[in-house]
Amino acid sequence: MIEASTGTVLLAKNEEQSFSPASLAKLMTMDLVFGSLKKGEITLDTEYPVSEYAWRTGGAPSRTATMFAVLKSRIRVEDLIKGVAIQGANDGCIILAEGMSGSEGNFAAAMTRRAEVLGMAKTVFGNSTGLPDGKSKVSARDLVTLAIDLQQSYPEYYHYFAHPDFEWNRIFQRNRNPLLGLGLGADGLATGFAEGEGYSIVASAERDGKRLFLALGGTASDKERTEEAKRILEWGQTAFEDRQLFADEEIVGAASVYGGQAGKVDLVARGAVSVYIPVSNPDRLSARIVYRWPLMAPVAADAEAGTLVISAGGRVLREVPLYTAHGVEQGSLTSRAVDALLELGESLFFSWLWDKAEPT
């Protein structure tokens, strides 16, 4: 679970473990559709045909989550979005995939490429629906990354996830998200179930100006999934407070510079640096600056130069990019020569320490 405004990780357990996405794969299907809408490649009124494959695999004959699309009919993109976002419709996913990419296989490859762009390192998609294929894998961390992208990159389309119901082909269905209407401020996103791996959910809730993103998997029943997700979100909304560590443009630290007119450069973050910490019994906060040592002159101003890693209780809360507060020009020939000797000496020293640490 992550708090949106600071990016603070409030809860993490087995967050890198891979599991089958099941219907949570549909979130990436929506990400690609929203992206195409935003780029003007398609519109909400674009129509796609219902193929026999889409009808048999995800429609009424499949006995899976469906919007009951009629074979050989044509359906608007907006209606397909509603079917997927509200009902988790497998036929809607396949119709969109075939219409946008020519085949579901091509669309699944695009889903995986998009996951790579978003930094979802543990994620692979084999289809647009999450139906069992033996290939698709995600992690809880990756799913939160995807949820954040959907909410922050596509606010004009994100609202579809919160619609209470949708009717198509004279069949009325309610939203499958069990957290809507529970007083949590929940407004998306999706649920899933995979045989042998249990029930899962990706959710987002905003209350009192605080937005949380949660990915949860491995629960034994849909009832347990709802209760556990509700408990965790309520805990996140009430048990933490915002603490500012650095103001906007405040100097966070410095990085060593070799061959420059100055031996170091100050580092700052873009915007204030805050974290959410427990209201009672907070763990001791610690922070360290990570950068590729040493920086070589000339160093440009406002260049990304490192990362501030903030931790509590041995757990990383958030990582913040750091930028140079000013530039450092290249130094004189003499100063560069001295720095080169210092760099060589320090490199040999650390290499010796490494060798001494190696087992014999």
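Residues numbered from 1 in each chain as written. Predicted model: local features only at pLDDT ≥ 70, side-chain atom pairs only at ≥ 80, totals over all residues. Heavy atoms only, no water.

(A) The arrangement of the overall build of the chain in detail. Summing up its helical and strand segments, the chain has 9 helices and 16 strands in all. Overall, the chain is about 80 × 50 × 45 Å in size when its C-alpha atoms are taken along their principal axes. The burial tally for the chain puts 46% of its 360 residues in the buried class. For the chain, restricting intrachain contacts to residue pairs at least 6 apart in sequence, the fraction spanning at least 24 positions comes to 63%. When the accessible area of the chain is evaluated, it comes to approximately 17,800 Å², of which 51% is carbon and sulfur surface. Taking the average location of the 36 positive side-chain charges in the chain and that of its 46 negative ones, the two points are 4 Å from each other. (Helix = DSSP H or I, 4+ residues; strand = E, 2+ residues; numbered from the N terminus. Buried < 20%, exposed > 50% of the residue type's maximum accessible area, 1.4 Å probe, protein only. Contact = heavy atoms within 4.5 Å. Areas by Shrake-Rupley, 256 points an atom, 1.4 Å probe, with all protein chains shown as cover. Lys, Arg positive; Asp, Glu negative; His and termini not counted. Charge placed at Lys NZ, Arg CZ, Asp CG, Glu CD.)

(B) Spatial organisation of the environment of G99. Relative to the helices and strands, G99 resides in helix α4 (residues 90-101). Using a relative accessible area of 30% as the deciding quantity, one classes G99 as partly exposed. The spatial distance from the C-alpha of G99 to the C-alpha of D208 is 41 Å, given a sequence separation of 109 residues.

(C) Spatial organisation of the packing of α4 against helix α5 (residues 104-117). For the pair α4 and α5, the least separation of the axes is 8 Å and the interaxial angle reads 90°. By the angle between their directions, the pair α4 and α5 is classed as roughly perpendicular. Counted together, I94, A97, E98, M100 and S101 of α4 and E104, N106 and F107 of α5 form the full contact between these two elements. Residues that form the contact of α4 with α5 fall into these classes: 4 nonpolar, 2 polar and 2 charged. (Axes fitted to C-alpha atoms, helices over the stretch in contact; angles between N-to-C directions. Parallel < 35°, antiparallel > 145°, perpendicular 65-115°, else oblique. Nonpolar A, V, L, I, M, F, W, Y, C, P; charged D, E, K, R; others polar.)

(D) Up close: the side chain of T226. Looking at the secondary structure, you find T226 in helix α8 (residues 222-238). Judged by its relative accessible area of 18%, T226 is buried. Setting aside residues up to four positions removed in sequence, T226 forms contacts with P178, L179 and L182.

(E) Quick look at the UniProt feature "domain: Peptidase S11 D-Ala-D-Ala carboxypeptidase A C-terminal" (unreviewed entry) in the chain. On the UniProt side, "domain: Peptidase S11 D-Ala-D-Ala carboxypeptidase A C-terminal" (unreviewed entry) is annotated at positions that read residues 240-330 here. The span residues 240-330 carries 0% helix and 58% strand; its end-to-end C-alpha distance comes to 46 Å. (UniProt positions renumbered as here; feature names shortened; annotations may be inferred.)

(F) Expanded view of the sheet that holds strand β1 (residues 2-3). Taken together, 4 strands build an open sheet; the order of strands is β1-β8-β7-β6 and the sheet is antiparallel. Here the strands that pair on one side only, and so sit at the sheet edges, are β1 and β6 (186-194). Sheet strands in contact with helix α6 (residues 140-153) are β1, β6, β7 (198-207) and β8 (210-219), and its direction is about 145° off that of β8. (Pairing = 2+ DSSP bridges.)

(G) Just the domain arrangement of the chain, in detail. Taken domain by domain, the chain holds domain 1 (2-241) and domain 2 (247-352). Computed from C-alpha coordinates alone, the two centres of domain 1 and domain 2 are separated by 39 Å. Both sides together, the interface formed by domain 1 and domain 2 hides about 1,000 Å², and carbon and sulfur atoms give 57% of it. Looking only at domain 1, the three residues that lose the most surface to domain 2 are T6, T8 and E241, adding up to 49% of its buried area. Linking domain 1 with domain 2 are 0 salt bridges. Between domain 1 and domain 2 we count 6 residue pairs in polar contact (both at pLDDT 80 or more) in total. (Domains from an automatic or database assignment. Buried area = accessible area lost by both parts, 1.4 Å probe. Salt bridge = Lys/Arg side-chain N within 4 Å of Asp/Glu carboxyl O. Polar contact = N/O pair within 3.5 Å; in protein donor to acceptor, adjacent residues only side chain to side chain.)

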